[in-house]
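The primary structure of each chain is shown beneath.
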Amino acid sequence: MGREVVVGKIKVIICQDKQEVSREAAAIFIQAINSNPEIVLGLATGGTPVGMYKELIEMNKKGKVNFSKVKSFNLDEYAGLDGSHPQSYRFFMNQNLFNHINIDKSNTYVPEGKFCDCEQSCRNYEEAIKKNSGIDLQLLGIGSNGHIAFNEPGSPEKSRTRKVDLTARTIDDNTRFFDNRNQVPTQAITMGIETILEAKQIILLATGANKATAVTGALKGPVGSRLPASFLQGHSACTFIVDKAAACEL
Ligand code: GLP
């Protein structure tokens, strides 16, 4: 069990390592799904949540959690990538979670990356979230520059699902998933900050020393677009689950 501290309105659980972060986060998700089998989840990609997804797969196989009525909305998708592209976030979610649990894939939503009418498709995404009465439990990672989803520094608090440009730093950070930097898309479709803040409960995961400055800024820095995760300070049910390395500047 991690050590708990409270910073403003945010509960911070500080764990020994990445594995403990994954276990703590999975336990929260399992409890939430068991108490509301029709829960609407907000899901994230990136390296950080993979361990938690592994835990969820294991617990689903053991019969400890049932996804048959769960719905999910992913935060973001690379612009220009089709869901069958190995680096697309739809592909990532299928590979790392959906293919291995008893979720109905037609209940899993990921923003459309390859489309003819982006604005319409972003509006449809927002509509689908509303039609399902909003997101009950939202999982987040954090970029080393403090981005949440693909809301890069400069993103307004009132933003909704839209197409955005990625910063050079995010492209650098995400190059590790591609063969080379030139293959990383320069734009993405992302839920907005306001979309994310409307979730009833938010869990942010961060591991590793390269996230320490972003985590400290998110929790203790001035609230503003310079560090988008700082807007979470205004949410009334937000928990950060971090390892000691990511908490080292707190
Ligand atoms: C990407 C995603 C974010 C994620 C971030 C951190 O840019 N759009 O949703 O939180 O990367 O990723 P990682 O967990 O790999 O550090």
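Just so it is clear, the structure is predicted and the values come from calculations on it, not from any experiment.

What counts and what doesn't
Residues numbered from 1 in each chain as written. Predicted model: local features only at pLDDT ≥ 70, side-chain atom pairs only at ≥ 80, totals over all residues. Heavy atoms only, no water. Pairing = 2+ DSSP bridges. Helix = DSSP H or I, 4+ residues; strand = E, 2+ residues; numbered from the N terminus. Contact = heavy atoms within 4.5 Å. Axes fitted to C-alpha atoms, helices over the stretch in contact; angles between N-to-C directions. Near = heavy atom within 4 Å. Polar contact = N/O pair within 3.5 Å; in protein donor to acceptor, adjacent residues only side chain to side chain. Parallel < 35°, antiparallel > 145°, perpendicular 65-115°, else oblique. Left-handed = near helix turned anticlockwise from the far one by under 90°. Nonpolar A, V, L, I, M, F, W, Y, C, P; charged D, E, K, R; others polar. Buried < 20%, exposed > 50% of the residue type's maximum accessible area, 1.4 Å probe, protein only. Right-handed = clockwise from strand over helix to strand, strands pointing away. Core = buried A, V, L, I, M, F, W, Y, C linked by side-chain atoms within 4.5 Å. Salt bridge = Lys/Arg side-chain N within 4 Å of Asp/Glu carboxyl O.

**Q** Just checking my understanding: could you explain the sheet that holds strand β10 (residues 201–206) for this structure?
**A** Backbone hydrogen bonds hold the strands of a sheet together, and the pairing may be parallel or antiparallel. On the basis of which strands lie adjacent, the open sheet formed by eight strands has the order β1-β2-β11-β10-β7-β3-β4-β6 and mixed pairing. Of all strands in the sheet, those with a lone pairing partner are β1 (3–7) and β6 (108–109), marking the two edges. Bridge count for strand β3 (residues 40–43) against strand β4 (residues 71–74) is four bridges, and the pairing is parallel. By the bridge assignment for β4, G42 is matched with F73. Sheet strands in contact with helix α1 (residues 18–35) are β2 (10–15), β3, β7 (137–140), β10 and β11 (238–243), and its direction is about 150 degrees off that of β11.

**Q** Quick question: what am I supposed to make of the site of the ligand here?
**A** Taken together, 13 residues are adjacent to the ligand, and G47, T48, D76, R176 and K211 come closest. In the environment of the ligand, an oxygen atom lies 2.7 Å from a nitrogen or oxygen atom belonging to the backbone of G47. Between the ligand and the protein, one listed contact pairs an oxygen atom with a side-chain N or O atom of H147 at 3.0 Å.

**Q** So what exactly am I meant to see when it comes to the pairing of strand β9 (residues 187–190) here?
**A** In the case of a regular strand, side chains alternate between the two sheet surfaces. Two strands pair when backbone bridges link them, and strand β5 (residues 76–78) and β9 are joined in this way by three bridges, in the antiparallel orientation. Bridged to D76 within β9 is T190. Relative to β9, strand β8 (residues 162–165) is paired through four bridges, and the arrangement is antiparallel. Bridging from a neighbouring strand, V164 pairs with A188 of β9.

**Q** Honestly, the packing of α1 against helix α2 (residues 50–61) in this entry has me stumped. Any pointers?
**A** Each pair of packed helices gets described by two things: the angle between the helix axes and the distance between those axes. Close contact between α1 and α2 brings their axes to 8 Å; oriented N to C, the two are set at 50 degrees. As summarised for this structure, α1 and α2 are arranged oblique, according to the angle between their axes. When the axes of α1 and α2 are compared, the crossing they make is right-handed. Residues S22, R23, A25, A26, F29 and I30 of α1 touch α2, and the partners they reach there are G51, M52, E55, L56 and M59. Considering only residue class, the contact of α1 with α2 consists of seven nonpolar, two polar and two charged.

**Q** Mind showing me how you'd approach the environment of D243 here?
**A** With respect to the helices and strands, D243 occurs in strand β11. Look at D243 and you get buried, because its relative accessible area is 8%. Each C-alpha atom of the pair D243 and G134 lies 29 Å from the other, and the pair is 109 residues apart in sequence. Not counting the four nearest positions on each side in its chain, D243 is found in contact with I14, C15, Q16, D17, K18, V21, A206, T207 and G208. Within the local environment of D243, its side chain forms a polar contact with the backbone nitrogen of G208, the two atoms lying 3.1 Å apart. Within the structure, D243 has its side chain in polar contact with the backbone nitrogen of A246 (distance 2.9 Å).

**Q** Could you clarify how one ought to interpret the sheet that holds β5 in this entry?
**A** Ordered in space as β5-β9-β8, the three strands form an open sheet in which the pairing is antiparallel. Every other strand in the sheet has two partners, leaving β5 and β8 as the edge strands with one partner each. The average undirected angle you get between the axes of adjacent strands in this sheet is 30 degrees.

**Q** How do you make sense of the pairing of β3 when you look at a structure like this?
**A** Of the two faces of β3, the one carrying V40 and G42 and the one carrying L41 and L43 are both buried. In this fold, β3 hands off to α2, which returns the chain to β4; that crossover is right-handed. Across two bridges, the pairing between β3 and β7 is parallel. Counterpart to G42 in the pairing with β7 is Q138.

**Q** Got a minute to help me understand the nonpolar core in this structure?
**A** One recurring pattern in soluble globular proteins: nonpolar side chains tend to sit buried together. Counting residues in each nonpolar core, the largest one holds 65 residues, and the members touching the most others are L232 and F240. When residues in this core are grouped by element, the largest group, seven residues, is from α1. Excluding its chain neighbours within four sequence positions, the residues that come into contact with F240 are I10, K11, V12, I13, L204, V215, A218, L219 and L232. If you look at the next biggest cluster of nonpolar residues, it comprises ten residues, including F150, V164, L166 and A188.

**Q** Explain the pattern of salt bridges here, please?
**A** Charged atoms that come close allow side chains of opposite charge to pair. Overall, the coordinates contain eight salt bridges when judged by the stated rule. Between K62 and E58 there is a salt bridge whose closest N-O contact spans 3.6 Å. By relative accessible area, which is 53% here, K62 ends up exposed. Residue R160 pairs with E194 through a salt bridge whose shortest N-O separation is 3.1 Å. On the criterion of sequence distance, the pair formed by R160 in the loop between β7 and β8 and E194 in helix α6 (residues 193–197) is long-range, its members being 34 residues apart.

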